[in-house]
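Architecture and fold: a report
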Amino acid sequence: MKRLTEAGYFVVGESWGARLRLSDPPNLKVLNAAVVAATGQGFRIEELDASWAPQVTALEAMNHADYPYTPATSVPHRDESDVLDLWTFGCRLFGAIHDGQLVAVSVMSLTAARAETEFTSVHRTYRRRGLAVAVKAASITALAHDGVRIFGTGGAQVNAGSIRMNEHLGYAIEERWLSLTVPH
């Protein structure tokens, strides 16, 4: 890194990866409290089946421009076929629902070693109400009941809200990486 920056390379993005390691049996107090806080505001927090694909697709389309972009953290445009594939490939989706409308979603995929967050998304007008925390907490809780003890997530360093949300749930940042570009 030092040699590259001395040669004129410069940072164009910073990203991070975090892990949550649950004890066995897991202590789910913080996770349950996050879900209760959302339900206390009138939101229904639940696992979603494929019938929610149109609403997940619409939420992602609306939020696409809000995702931070760096060379290491980009978000693809997802159409309904892409969203339906999430269930096909074994992902578990958890949402916050208000008056029949999906206002937040968190998606987890399973690997042999851990559950990995694919994305968490909240409708613009419902942000800062703890819904990202609640849907992610619901997904972790459900997977913990299925025996998963290690969870991974990550994102762009510029998304401070995402970092705070994940730290609140017990994730610890274990790695950071920089994207450099060639000098002009």
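Before any of the text, the structure's been laid out above.
Scope of this entry: the structure provided in the associated data block. (Residues numbered from 1 in each chain as written. Predicted model: local features only at pLDDT ≥ 70, side-chain atom pairs only at ≥ 80, totals over all residues. Heavy atoms only, no water.)

So, the environment of Val 83
Relative to the helices and strands, Val 83 is located in helix α4 (residues 80-88). Counting along the chain gives 27 residues from Val 83 to Val 56, while the straight-line C-alpha distance between them is 7.2 Å. The contact partners of Val 83, leaving out residues within four places of it in the chain, are Ala 53, Val 56, Thr 57 and Arg 78. (Helix = DSSP H or I, 4+ residues; strand = E, 2+ residues; numbered from the N terminus. Contact = heavy atoms within 4.5 Å.)

A short note on the packing of aromatic side chains
Following the criterion strictly, the structure yields one aromatic pair and no others. With 5.8 Å between their ring centres and 80 degrees between their planes, Phe 43 and Tyr 126 make a pair best called edge-to-face. In this pair, Phe 43 is assigned in the loop between α2 (29-39) and β2 (44-48) and Tyr 126 in the loop between β5 (115-122) and α5 (131-145), connecting sequence segments 83 residues apart. Both residues of the pair, Phe 43 and Tyr 126, count as buried. Looking at Lys 136, its charged tip hangs above the ring of Tyr 171, at a distance of 4.8 Å from the centre. (Phe/Tyr/Trp six-rings, centres within 6.5 Å; stacked < 30°, edge-to-face > 60°. Buried < 20%, exposed > 50% of the residue type's maximum accessible area, 1.4 Å probe, protein only. Lys NZ or Arg CZ within 6 Å of the ring centre and 35° of its normal.)

A look at the pattern of salt bridges
With the rule as written, the count across this model stands at nine salt bridges. Measuring nitrogen to oxygen at the nearest pair gives 2.7 Å for the salt bridge that ties Arg 44 to Glu 46. Judged by its relative accessible area of 42%, Arg 44 is partly exposed. (Salt bridge = Lys/Arg side-chain N within 4 Å of Asp/Glu carboxyl O.)

Remarks on the side chain of Arg 78
Relative to the helices and strands, Arg 78 is located in the loop between α3 (53-63) and α4. At a separation of 2.3 Å, a polar atom in the side chain of Arg 78 contacts the side chain of Glu 60. Residues in contact with Arg 78, not counting those within four places in the same chain, are Thr 57, Glu 60, Tyr 67, Val 83, Glu 118 and Phe 119. (Polar contact = N/O pair within 3.5 Å; in protein donor to acceptor, adjacent residues only side chain to side chain.)

Here's the deal with α2
Residues Leu 31, Ala 34, Val 35 and Ala 38 constitute the buried set of α2. The arc that holds every buried residue of α2, seen down its axis, measures 95 degrees, which confines them to one face. Exposed residues pointing more than 90 degrees away from the buried face of α2 are listed as Lys 29 and Val 36. In the core, the buried residues of α2 are packed alongside β2 and α5. (Arc of directions from axis to C-beta.)

Purely spatial values, then, with no claim about function.
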